[in-house]
Amino acid sequence: MADKKIKVMIVDDSALVRQVVSQALAQDPGIEVIATASDPLFALDKMKSRWPDVLVIDIEMPRMDGLSFLRKIMAEHPTPTVVCSSLAEQGAQATMEALAAGAVTIITKPKVGLKSFLEDASNDIIQAVRTAARANLKALPRGGTPAPGLPPNRPKFSADVILPAGNGGSAAMARTTDQIVAIGTSTGGTQALEAVLTRLPATALGIVIVQHMPEKFTAMFAQRLNSICQVEVREAQNGDRVIPGRALIAPGGRHMMLKRSGAQYVVEVVDGPLVNRHKPSVDVLFRSVARFAGANALGIIMTGMGDDGARGLKEMHDAGAKTIAQDEASCVVFGMPKEAIKLGGADQVISLEQIPGAIVAYGRNGG
């Protein structure tokens, strides 16, 4: 894509959305909006003459809904797709289904104040399209489910604003049999997490997870995983224990940290500034795991855009934890693992297929 413009088609029944998104993308000289359409049938007709590199679509549309459209596209001609959808409860459920069908990422839009929101979010819209254009669709098992949500264009704070640096591992107990697994991921992560968690036994070590997602999506994502996994998967609540057979997913819009309560591991769910432009942040979780679990933890950083989690994985490594980064070939976006590897935070670089076995082996061998 470096030597040519990214060709984009916008499919939305709102003329306002089509206009404002087109104007936003026009700000980037590397992106060209080649067509817009008010519904999928019009879009399919236009796509016969010129196929886009990236689709930007709504979910609720006339004649054919966005979900059916996406499934048709992914079955016949897989194309990186950005979903521009409402965060309303019903919309969130439909959007989760769209992610399962193969969308790369989501721009969440409000029900009111849409024009001003889309104008303010122009950088996020551009970033979403550029991320989609780079996505490795071949790394998506059965064609889908990357991470929804885009970080707002705001100052980039480090994990220091939530949990000050220092004391790596000093608050942790000495090496024990009470161990945990910490996982961080973003774009491409929902399918990657499904591939990992569905292959773990009910006796697997306790797991804490940060997946970049907006509010409401994490609860639905956890519920879906819980219905297909042997381990219990739930959206974390403040004070939840980290125990074998349970995976806790940080709630969208909140940071999650590991703490010790006596001899037990628990999670603390807190509000606060965005870290690495994300909330929840992988760096926040990993730093807390380094501090309170130390060598009693396995840290895994998987597919995702940006560098959130790279420093945290290095802190876990330095505190004695075992650390793993997902390899480039199996990542949808090799951003977060690449940065972690560069910093020297990864003991191993392995494929997505190998990660479940690595988790089981870590638990079986006592680290």
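Refer to the preceding data block for the structure.
Undergrad: How would you explain the pairing of strand E5 (residues 105-109) if you had to name every residue and give the values?
TA: Most of E5 is tucked away: five of the five residues are buried. Here E5 shows two buried faces, one formed by Thr105, Ile107 and Lys109 and the other by Ile106 and Thr108. Judged from the five bridges that link them, strand E4 (residues 81-86) and E5 form a sheet pairing that is parallel. Along E5, the bridge assignment pairs valine 83 with isoleucine 106.

Undergrad: Can you lay out the sheet that holds strand E2 (residues 31-37) for me, pointing to particular residues and giving the numbers?
TA: With parallel pairing, five strands are arranged side by side in an open sheet as E2-E1-E3-E4-E5. Pairing within the sheet leaves two strands with one partner each, and these edge strands are E2 and E5. Along the sheet, successive strands turn relative to each other by an average axial angle of 20 degrees, direction set aside. Sheet contacts for helix H3 (residues 66-76): strand E1 (6-11), strand E3 (54-57) and E4; angle to E3, the most-contacted strand, approximately 165 degrees.

Undergrad: How would you summarise H3 if you had to cite specific residues and measurements?
TA: Among the residues making up H3, those that are buried are Gly66, Leu67, Phe69, Leu70, Ile73 and Met74. Seen from one end, H3 has its buried residues packed into an arc of 160 degrees, which puts them on one side. Of the exposed residues in H3, the ones pointing more than 90 degrees away from its buried face are Ala75 and Glu76. If you check the start of H3, you find a side-chain oxygen 3.0 Å away from the backbone N of leucine 67, and it comes from aspartate 65.

Undergrad: Please give an account of the environment of leucine 16 that cites residues and values.
TA: If you trace the backbone, leucine 16 turns up in helix H1 (residues 15-26). The class for leucine 16 is partly exposed, based on a relative accessible area of 29%. Between the C-alpha atom of leucine 16 and that of lysine 115, which follows or precedes it by 99 residues, the distance is 7.2 Å.

Undergrad: Describe the packing of helix H2 (residues 40-47) against H3, naming the residues involved and giving the relevant values.
TA: With their axes 10 Å apart at the nearest point, H2 and H3 run at an angle of 25 degrees to one another. It follows that H2 is roughly parallel to H3 by the angle criterion. Side by side, H2 and H3 meet where Pro40, Ala43, Leu44 and Met47 of the first sit next to Phe69, Lys72 and Ile73 of the second. Each residue belonging to the contact of H2 with H3 can be placed in one class, and the counts come to six nonpolar, no polar and one charged.

Undergrad: How would you explain the pairing of strand E11 (residues 264-270) if you had to name every residue and give the values?
TA: Among the seven residues of E11, five are classified as buried, and the element is accordingly described as predominantly covered. Pairing analysis gives seven bridges linking strand E10 (residues 255-261) to E11, with the strands arranged antiparallel. Residue histidine 255 lies in a different strand from E11, and its bridge partner there is valine 270. Between E10 and E11, which pair antiparallel and follow one another directly, the connecting turn spans two residues, one of which, glycine 262, has a positive phi of 70 degrees.

Undergrad: Break down the environment of serine 85 for me, with residues and values.
TA: Looking at where serine 85 falls in the secondary structure, it is placed in strand E4. Along the primary structure serine 85 and isoleucine 107 are separated by 22 residues, whereas in three dimensions their C-alpha atoms are 6.4 Å apart.

Undergrad: Run through the packing of aromatic side chains, naming residues and quoting values.
TA: A full pass over the atoms with the stated rule returns zero aromatic pairs. Over the face of the ring belonging to phenylalanine 42 we find arginine 63, whose NZ or CZ atom lies 4.5 Å from the ring centre. Positioned above the aromatic ring of tyrosine 265, the side-chain terminus of arginine 260 is 4.1 Å from the ring centre.

Undergrad: Account for unusual backbone geometry, with residues named and values stated.
TA: Residue proline 280 is reached from lysine 279 by a cis peptide bond, and omega for that bond is 15 degrees. With respect to the helices and strands, proline 280 occurs in the loop between E11 and helix H9 (282-292). In the Ramachandran plot, arginine 63 falls in the positive-phi region, its phi being about 70 degrees despite a non-glycine side chain. Residue placement: arginine 63 occurs in the loop between E3 and H3. Phi is positive for asparagine 276, close to 55 degrees, though the residue is something other than glycine. The topology assignment puts asparagine 276 in the loop between E11 and H9. Given the relative accessible area of 7%, asparagine 276 is considered buried.

Undergrad: I'd love a proper account of the packing of H9 against helix H10 (residues 310-318), names of residues and values included.
TA: With their axes 7 Å apart at the nearest point, H9 and H10 run at an angle of 10 degrees to one another. Judged on the interaxial angle alone, H10 and H9 are roughly parallel. For the pair H9 and H10, contact is made by Asp283, Phe286, Arg287, Val289 and Ala290 and by Ala310, Arg311, Gly312, Leu313, Glu315 and Met316, respectively. Residue composition of the contact of H9 with H10, grouped by class: six nonpolar, one polar and four charged.

So, how was this worked out
Residues numbered from 1 in each chain as written. Predicted model: local features only at pLDDT ≥ 70, side-chain atom pairs only at ≥ 80, totals over all residues. Heavy atoms only, no water. Buried < 20%, exposed > 50% of the residue type's maximum accessible area, 1.4 Å probe, protein only. Helix = DSSP H or I, 4+ residues; strand = E, 2+ residues; numbered from the N terminus. Pairing = 2+ DSSP bridges. Axes fitted to C-alpha atoms, helices over the stretch in contact; angles between N-to-C directions. Contact = heavy atoms within 4.5 Å. Arc of directions from axis to C-beta. Polar contact = N/O pair within 3.5 Å; in protein donor to acceptor, adjacent residues only side chain to side chain. Parallel < 35°, antiparallel > 145°, perpendicular 65-115°, else oblique. Nonpolar A, V, L, I, M, F, W, Y, C, P; charged D, E, K, R; others polar. Phe/Tyr/Trp six-rings, centres within 6.5 Å; stacked < 30°, edge-to-face > 60°. Lys NZ or Arg CZ within 6 Å of the ring centre and 35° of its normal.

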